[in-house]
Amino acid sequence: MTDLVIISLAVVLCFVLSSQLDLSELMAMFFKRHEAWQLDEWLLSFFVFSIGLCWFAFRRNAETNTALRERIEAEQKVAELLRQNRDLSQALIRVQEDERRALARDLHDEFGQNCTAIRTDANYIFHARADDSAGVLASAKRIDHAAQTLHALCRDMLGRLRPPVLDSLGLHAAVQELCETWEEQTGVACFFFPEEFSVPVGDDVAVTCYRLIQEALTNVTRHADAHKVRIDLSATSDHRAVKLHIEDDGCGMAEPEGSALGLGIVGMRERVAALHGEIKLKHAPGSGLSIEVILPLTKAKA
Ligand SMILES: Nc1ncnc2c1ncn2[C@@H]1O[C@H](COP(=O)(O)OP(=O)(O)OP(=O)(O)O)[C@@H](O)[C@H]1O
Ligand SMILES: [Mg+2]
């Protein structure tokens, strides 16, 4: 606005001076005197030059505005990512605390109770009379039962901390077991199509694949209303990465991604990004959700 006022004032001042001094007439006489130099022809050229400068200024202004807009958008994206990161960290801490609390409760209630029962029965057997075989047998049975309960609890806890089958049987068997258990629990058909890898898969890639499938299946149970899920796990054609594809035939995501409040998908993205991989979610209302993941292969530790 200030620029406009200054330019307008300059134009008016120029007009007043020109009309006072008869500037055009003086210039015309000057040009006529030096006709041999063709000075009057320069006027038009300077006019074109000034239009060129105006166009240049306009272009620079437009480019600066675009760059500024892109910068603001990038800053907003960074702020959003930071917010998601903060939320994720808080959720991770919360989940960790919940898990610890649950483990502590199980240790206290189940382990404590069963250990006390075993000690009581062992004590009974220790002090039992020689002719009390029925009592000793009952105590032994109770000890056996308590030991079985403890064993089951221990397996459950280990499974929560880290799926043991991942270490013992490998990724394919672990996912197969996960699918079968999930299918049994939910009644939704789960088809797993694994392809053998020609190179060993590193532990971080294996755990990430397993956790991604776990979260995807949990989401299908909670949100998809699906009849079947298909999981493909293979290597890319150059054998440098793992390709994971999870697809359901449910209702698809209603909300555009990012507007949802949950942290499961954000967590999936974080896990994939941590291994320098790529994740794509393809969804449309009514046509299910398809998740495609590429994870570069890391060397398996010997
Ligand atoms: N397979 C799916 N089918 C339909 N909608 C889905 C599916 N998976 C995710 N969604 C939608 O995406 C949203 C975000 O999922 P996300 O896993 O991030 O969060 P959540 O499952 O709601 O909560 P949590 O943080 O416990 O995982 C869900 O609220 C749901 O609306
Ligand atoms: Mg979820």
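Per-chain numbering applies: the sequence of each chain, read as written, is numbered from 1 onward. Chains and ligands are labelled sequentially in the order written, the chains with letters from A and the ligands with numbers from 1. For this predicted model, a pLDDT threshold of at least 70 governs which residues receive local features, and a threshold of 80 or more governs which side-chain atom pairs are given and counted, while totals over whole chains, interfaces and linings are taken from all residues. The basis for every side-chain value is the complete set of non-hydrogen atoms in the structure, without hydrogens or water.

J.: Which residues make up helix α1 (residues 2–21), and what values do they have?
T.: Across its 20 residues, α1 extends 28 Å between first and last C-alpha, which sits within 8% of the 28 Å expected from 1.5 Å per residue. A positive backbone phi angle near 50° is found at aspartate 22, which sits one or two residues after α1. Secondary structure elements are defined from DSSP: runs of H or I of at least 4 residues count as helices, runs of E of at least 2 residues count as strands, and each element is numbered from the N terminus. Multiplying 1.5 Å by the residue count of a helix minus one yields the expected span of that helix.

J.: Describe the coordination of the magnesium ion (ligand 2), with residues and values.
T.: Donor atoms are limited to N, O and S found within 2.8 Å of the metal ion, a distance that becomes 3.2 Å for Na, K and Ca. With water left out, some sites might look partial. Glu215 (OE) and Asn219 (OD1) make up the full set of protein donors to the magnesium ion (ligand 2), lying at 2.1 to 2.2 Å. Linking glutamate 215 with asparagine 219, this pair stays in helix α7 (residues 203–224), spanning four residues, or about one helical turn. Burial classes follow relative accessibility: with a 1.4 Å probe on protein chains only, a residue under 20% of its type's maximum area counts as buried, one over 50% as exposed, and anything between as partly exposed. Here glutamate 215 falls in the partly exposed class, since its relative accessible area comes to 23%.

J.: Tell me about the site of ligand 1, and please be specific about residues and values.
T.: Here, proximity means that at least one heavy atom of the residue falls within 4 Å of the molecule or strand. What surrounds ligand 1 is a group of 15 residues, the closest being Asn219, Arg222, His223, Leu263 and Ile265. Polar contacts, as counted here, are pairs of nitrogen or oxygen atoms within 3.5 Å of one another; within protein the pair requires one atom able to donate a hydrogen and one able to accept it, and residues that are adjacent in sequence qualify only if both atoms are side-chain atoms. In this structure, an oxygen atom belonging to ligand 1 sits 3.1 Å away from a main-chain N or O atom of glycine 264. The backbone of isoleucine 265 places a nitrogen or oxygen atom 2.8 Å from an oxygen atom of ligand 1. About the coverage of ligand 1: the protein hides 80% of its 600 Å² of free accessible area. Listed by contribution, the elements that provide at least two residues to the shell around ligand 1 are α7 and α8 (264–274). Broken down by element, the residue count for the shell around ligand 1 peaks at six residues, all from α7. Polar here means any residue other than Ala, Val, Leu, Ile, Met, Phe, Trp, Tyr, Cys and Pro, which are nonpolar, and Asp, Glu, Lys and Arg, which are charged; Gly is therefore polar. Across the shell around ligand 1, the residue classes tally to seven nonpolar, five polar and three charged. For the accessible areas, the method is Shrake-Rupley and the probe is 1.4 Å, while residue cover comes only from the protein chains on display.

J.: Break down the pattern of salt bridges for me, citing the residues and quoting the values.
T.: Salt bridges are defined by distance alone: a side-chain nitrogen of Lys or Arg within 4 Å of a carboxyl oxygen of Asp or Glu. Summed over all chains, the structure comprises eleven salt bridges. Here glutamate 75 makes a salt bridge to arginine 71, at a shortest N to O gap of 3.4 Å. Of the two residues, glutamate 75 and arginine 71 both sit in helix α3 (residues 40–127), four residues apart, roughly one turn of that helix. For glutamate 75, a relative accessible area of 46% puts it in the partly exposed group. Assessed through its relative accessible area of 57%, arginine 71 is described here as exposed. Linked through salt bridges whose partners overlap, the residues forming this network are Arg59, Arg60 and Glu63.

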